[in-house]
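Next come the chains, spelled out residue by residue.
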Amino acid sequence: MKIGVLALQGAFREHVQILRGLGVDAREVRLPSEMHELDGLIIPGGESTTMGKLARAYGLMEPIREFVQAGKPVWGTCAGLIVLAKDIGAEDAHVGVMDVKLRRNAFGRQVDSFETDLHVPALGGEPFHAVFIRAPRIECVGAHVEVLARLDDGTIVAARQRNLLVTSFHPELTNDPRFHRFFWGSVTVGSGT
Ligand code: GLN
């Protein structure tokens, strides 16, 4: 079983490092031909417009869409969530498969970046320390989307829809590997559907 981390731009090295620390075969992915050998894919945080442009230039957009449609697990963190979302406001969607509507950089200037402890029942009792960096704000989700975590004000910050997982924060920037283990679990059981 192998997990690929889209390595066009952004915080991909950190994801690879955490996965390898869990003993997972993780590799950086830049070419469509590298998608065939993967059982799961992570789209990291970074800058979604740039990442989207690069993914188009490298011919990766359609292979990623097909990967999702094949039921293989895909996890988007922060910019990766934007890349997967169906509705990102004024711009056209990128991969456009996750039934969420969001607004980019929408936490306001004073709280541009912040950290908080989240209650994530799917990960067990201990709170998960979450780092938000110019995060997108999820405004609403479709009926088939399962909410995994919210901020105190109710804002959804982690969710899944069949084989898709999204987090608006960066679990790869803390030393807590539980989200990575959770995603790995969905890879080893197959599509998770
Ligand atoms: N602000 C970035 C964007 O809109 C996302 C930030 C991140 O991935 N940390 O693409």
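Scroll up to find the structure.
Okay, so let's go over this structure. In this text the structure is predicted, and so the values were computed from the model without any measurement. (Residues numbered from 1 in each chain as written. Predicted model: local features only at pLDDT ≥ 70, side-chain atom pairs only at ≥ 80, totals over all residues. Heavy atoms only, no water.)

## Details of the overall build of the protein
Cut-off, in case you're wondering: Helix and strand definitions follow DSSP, with helices as H or I runs of at least four residues and strands as E runs of at least two, each counted in order from the N terminus. The classification of residues rests on relative accessible area computed with a 1.4 Å probe and restricted to protein chains. Under 20% of the type maximum is buried, over 50% is exposed, and intermediate values are partly exposed. A contact between two residues is defined here by any heavy atoms of the two lying within 4.5 Å. Using a 1.4 Å probe, accessible areas were evaluated by the Shrake-Rupley method; residue-level cover was limited to the displayed protein chains. Working convention for charge: Lys and Arg count positive, Asp and Glu count negative, and His plus the chain ends are omitted. Note on charges: their place is set at NZ of Lys, CZ of Arg, CG of Asp or CD of Glu.
Helix and strand content of the protein: five helices and 12 strands. Across its three principal axes, the protein shows a C-alpha extent of roughly 40 × 40 × 30 Å. Counting across all 193 residues of the protein, residues that qualify as buried make up 49%. For the protein, long-range pairs separated by at least 24 residues make up 63% of all intrachain contacts whose partners lie at least 6 apart in sequence. Accessible surface, the protein as shown: approximately 8700 Å² in total, 47% of it carbon and sulfur. Each charge class in the protein can be summarised by its mean position, and for the 21 positive and 23 negative side chains these summaries are 3 Å apart.

## Digging into the side chain of Gln9
Formally: Two N or O atoms form a polar contact when they lie within 3.5 Å of each other; inside protein one atom must be a possible hydrogen donor and the other a possible acceptor, and for residues adjacent in sequence the pair counts only when both atoms belong to side chains.
Among the secondary structure elements, Gln9 is positioned in the loop between β1 (2-6) and α1 (12-21). For Gln9, the side chain forms a polar contact with the main-chain nitrogen of Glu47, separated by 3.0 Å. For Gln9, the contacting residues outside a window of four places in its chain are Pro44, Gly45, Gly46, Glu47, Thr50, Met51 and Leu54.

## As for the sheet that holds strand β6 (residues 98-103)
How we decide: Pairing between two strands is assigned when DSSP locates at least 2 bridges connecting them. Angular values range over 0 to 180 degrees, each being the angle between N-to-C directions of two axes fitted as lines to C-alpha atoms, with helices fitted over their stretch in contact.
Spatially, β5-β6-β9 is the arrangement adopted by the three strands of the open sheet, whose pairing is mixed. The two strands at the open ends of the sheet, each matched to only one other strand, are β5 (85-87) and β9 (137-141). Averaged over all pairs of adjacent strands, the angle between strand axes in this sheet comes to 55 degrees, irrespective of strand direction. Here β5 runs beside β6; their pairing, made up of two bridges, is parallel. From the neighbouring strand, Ala85 faces β6, where its bridge partner is Met98.

## Description of the pattern of salt bridges
Definition in use: Any carboxyl oxygen of Asp or Glu within 4 Å of a side-chain nitrogen of Lys or Arg constitutes a salt bridge here.
According to the stated counting rule, one finds 12 salt bridges in the structure shown. Note that Glu28 is salt-bridged to Arg30, the shortest N-O span being 2.7 Å. Of the charged contacts, one joins Glu47 and Arg104 as a salt bridge, the two residues approaching to 2.7 Å between their closest N and O atoms. Of this pair, Glu47 sits in the loop between β3 (40-43) and α2 (48-57) while Arg104 sits in the loop between β6 and β7 (113-118), and the two are 57 residues apart along the sequence. Classification of Arg104 by relative accessible area gives partly exposed; the value is 21%.

## Topic: the site of the ligand
In plain terms, the rule: By convention in these notes, a residue is near a molecule or strand provided one of its non-hydrogen atoms lies within 4 Å of it. A 1.4 Å probe that fits but cannot get out identifies a cavity on a 1 Å grid over protein atoms alone, an open set with protein on both sides within 12 Å along at least five of seven lines counts as a pocket, and a residue lines either if it has an atom within 4 Å of a point. To decide whether a molecule occupies a pocket or cavity, check its atoms: if more than half lie within 2 Å of the grid points, it is inside. Lys, Arg, Asp and Glu make up the charged group, whereas Ala, Val, Leu, Ile, Met, Phe, Trp, Tyr, Cys and Pro make up the nonpolar group; the residues left over, Gly among them, are polar.
Taken together, Gly45, Gly46, Glu47, Ser48, Cys78, Ala79, Ile82, Arg104, Asn105, Ile133, Arg134 and His170 make up all the residues around the ligand. Within the side chain of Asn105, a nitrogen or oxygen atom sits 2.6 Å from a nitrogen atom of the ligand. Protein contacts shield 94% of the accessible area of the ligand, which totals 300 Å² for the unbound molecule. Of all the cavities here, the one that holds the ligand is the largest pocket. Of the residues in the shell around the ligand, the class split is four nonpolar, five polar and three charged.

## Observations concerning the layout of surface pockets
Let me state the cut-off plainly: Grid points are joined across faces, edges and corners, and a volume is the space filled by probe spheres set on the points.
The calculated volume of the largest pocket comes to roughly 190 Å³. The wall of the largest pocket is formed by Gly46, Glu47, Ser48, Cys78, Ala79, Ile82, Arg104, Asn105, Ile133, Arg134 and His170. Of the residues that constitute the lining of the largest pocket, the class distribution is four nonpolar, four polar and three charged.

## Section: the packing of aromatic side chains
The description of an aromatic ring pair rests on the distance of the ring centres and on the angle between the ring planes. Rule in force here: Only Phe, Tyr and Trp rings are paired, with Trp represented by its six-membered ring, and only when their centres lie within 6.5 Å; those with planes under 30 degrees apart are stacked, over 60 edge-to-face, the remainder tilted.
Scanning the entire structure with this criterion turns up 10 aromatic pairs. A ring pair is formed by Phe128 and Phe179, whose centres lie 5.1 Å apart and whose planes are at 90 degrees; its orientation type is edge-to-face. With a gap of 51 residues between them, Phe128 in strand β8 (residues 128-133) and Phe179 in helix α5 (residues 178-188) connect regions that are remote in the sequence. For Phe128, a relative accessible area of 0% translates into the label buried. By relative accessible area, which is 0% here, Phe179 ends up buried. Of the aromatic side chains, those joined through ring pairs into one cluster are Trp75, Phe107, Phe114, Phe128, Phe132, Phe169, Phe179, Phe182 and Phe183.

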